[in-house]
Amino acid sequence: MSELVDKLVCENLKALKPYESARRIFAGGDSDSEIWLNANESPFANDYSVDSSHFNRYPDCQPPSVVGPYAAYAGVQEDQLIVTRGADEGIELLIRTFCTPGKDSILICPPTYGMYAISAETCNVGVNKAILNDDFSLDIATIKSFKDKVNLVFICSPNNPTGTSVDKAQLSEVLEHFADSALVVVDEAYIEFDAANTWATELAQYPNLVVLRTLSKAFALAGIRCGFTLANSEVIQSIMKVIAPYPMPEPVAQIAAQALSPKGLALMAEQVAYLHTQKEALKQQLAMFPEVTLVGDDKANFILFRHPLKQALMDYLVVNSVLIRDQSKQINLENCLRITLGNQQQNEKLLSLMTEFFAQQEPLA
Ligand code: PMP
């Protein structure tokens, strides 16, 4: 059997390593007994109701109960949006729609979110890199040098895992430079934590702009898998040719509609404000530990920091059932760990374990 698989599996997949999601790294864990601060999820589990009376029917491909409210929330027209299984599916659909396998390429700006490269590789699409500058701003000259060599330029803002938001003037320059040659995809998975910096309202000005969004972060709905791609209607119509016939399960549509109701939006805003308060407290405490350097910025719901003993610290936290994310394999992020903001109790538990850890490292008197 394995010979058959070897013979048949696509050439470009042979060497490919699947994305090491937080959930895959610690598979089989239990979020009731462990503290999960490793996947940039929300610590809130909000209540929803589900009506099963139409579960015998296929769902709408693009449920109007979700499309309408999200378009209103994002400030776009309904034909400028497509609902997907998380922003991850949006990334894959963009690549499948706009890149020819074995021929075309995308551009990414690492250190950044890993799925752009993995999705491209699974589709046999090339991946070019314009590494961020030391301060994590865009390396504009290098990005520009890829004109006519890439079909999609992925820019994450706020960026995972650096927490930095892209400079407006820099992004305008990129959009204009690629106006006639590539789509510029701004991944706004964390935009509710830096709402003033959205690009969603600029679609009319930039025909080659695409914005990715999700309910997985500020909306506290990572478990339902619901994301959005916002773009001009021609781009959306092209993606509609590729998307599965029934991508949105009916329960997902029902829950998303509730999250996007005025009550749901108010709850999200309240929880984002709470997390901002937690972020300030956590940052202050972290900066007081010996040799901890905060890295990047805090525009999202996580904090990145560097420590020479990152592995020992990580191991100590894991043994004590607190999970954070190692980012040290990413370019320019040696010894960096990322903490997703939890609730006050979870953040305090993390800090008390870090206090214990650093106390143990002190040289014996
Ligand atoms: N973009 C970024 C920058 C992310 O960090 C993530 C999730 N970690 C995603 C997209 C994917 O989000 P979703 O859960 O909507 O697929």
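For the structure, check the block above.
These numbers come from a predicted model, not from an experiment.

What counts, and where the lines are drawn
- Residues numbered from 1 in each chain as written.
- Predicted model: local features only at pLDDT ≥ 70, side-chain atom pairs only at ≥ 80, totals over all residues.
- Heavy atoms only, no water.
- Phe/Tyr/Trp six-rings, centres within 6.5 Å; stacked < 30°, edge-to-face > 60°.
- Helix = DSSP H or I, 4+ residues; strand = E, 2+ residues; numbered from the N terminus.
- Buried < 20%, exposed > 50% of the residue type's maximum accessible area, 1.4 Å probe, protein only.
- Lys NZ or Arg CZ within 6 Å of the ring centre and 35° of its normal.
- Pairing = 2+ DSSP bridges.
- Contact = heavy atoms within 4.5 Å.
- Axes fitted to C-alpha atoms, helices over the stretch in contact; angles between N-to-C directions.
- Near = heavy atom within 4 Å.
- Polar contact = N/O pair within 3.5 Å; in protein donor to acceptor, adjacent residues only side chain to side chain.
- Areas by Shrake-Rupley, 256 points an atom, 1.4 Å probe, with all protein chains shown as cover.
- Parallel < 35°, antiparallel > 145°, perpendicular 65-115°, else oblique.
- Left-handed = near helix turned anticlockwise from the far one by under 90°.
- Nonpolar A, V, L, I, M, F, W, Y, C, P; charged D, E, K, R; others polar.

Our next topic: the packing of aromatic side chains. Applying the stated criterion across every chain yields a total of 12 aromatic pairs. For the pair Y73 and F219, a centre-to-centre distance of 5.5 Å together with 85° between the ring planes defines the contact as edge-to-face. Placement of Y73 in helix 3 (residues 64–74) and of F219 in the loop between strand 7 (209–214) and strand 8 (227–231) is noted, with a sequence separation of 146 residues between them. Take Y73: its relative accessible area is 27%, and that puts it in the partly exposed class. We classify F219 as buried; its relative accessible area is 3%. Ring pairing ties together the aromatic residues Y70, Y73, F219 and F228, which thus form one cluster. Directly above the aromatic system of W199 lies the positively charged group of K168, at a separation of 5.1 Å from the ring centroid. Note that R338 overlies the ring of F302, its terminal NZ or CZ placed 5.6 Å from the centroid.

Below, the discussion takes up the sheet that holds strand 10 (residues 302–306). Ordered in space as 9-10-13-12, the 4 strands form an open sheet in which the pairing is antiparallel. Of all the strands in the sheet, just strand 9 (293–295) and strand 12 (325–326) have a single pairing partner and so form its edges. Along the sheet face, helix 10 (residues 262–287) touches strand 9, strand 10 and strand 13 (336–340) and points at about 10° away from the line of strand 10.

Time to look at the site of the ligand. The ligand sits among 13 residues. The nearest are A87, D187, Y190, T214 and S216. Y190 is positioned with one of its side-chain polar atoms (N or O) 2.7 Å from an oxygen atom of the ligand. With respect to the ligand, the side chain of K217 contributes an N or O atom lying 3.0 Å from a nitrogen atom. Expressed as a share of its isolated accessible area of 400 Å², the protein-covered part of the ligand is 92%.

Another aspect to go through is the packing of helix 11 (residues 310–319) against helix 12 (residues 344–361). Helix 12 packs onto helix 11 with a crossing angle of 130° between their chain directions and a minimal axis gap of 10 Å. The pairing of helix 11 with helix 12 is recorded here as oblique in orientation. For the pair helix 11 and helix 12, the crossing hand works out as right-handed. The residues of helix 12 that touch helix 11, namely those facing A312, L313, Y316 and L317, are L350, L353, M354, E356, F357, F358 and Q360. For the contact of helix 11 with helix 12, the residue count by class is 9 nonpolar, 1 polar and 1 charged.

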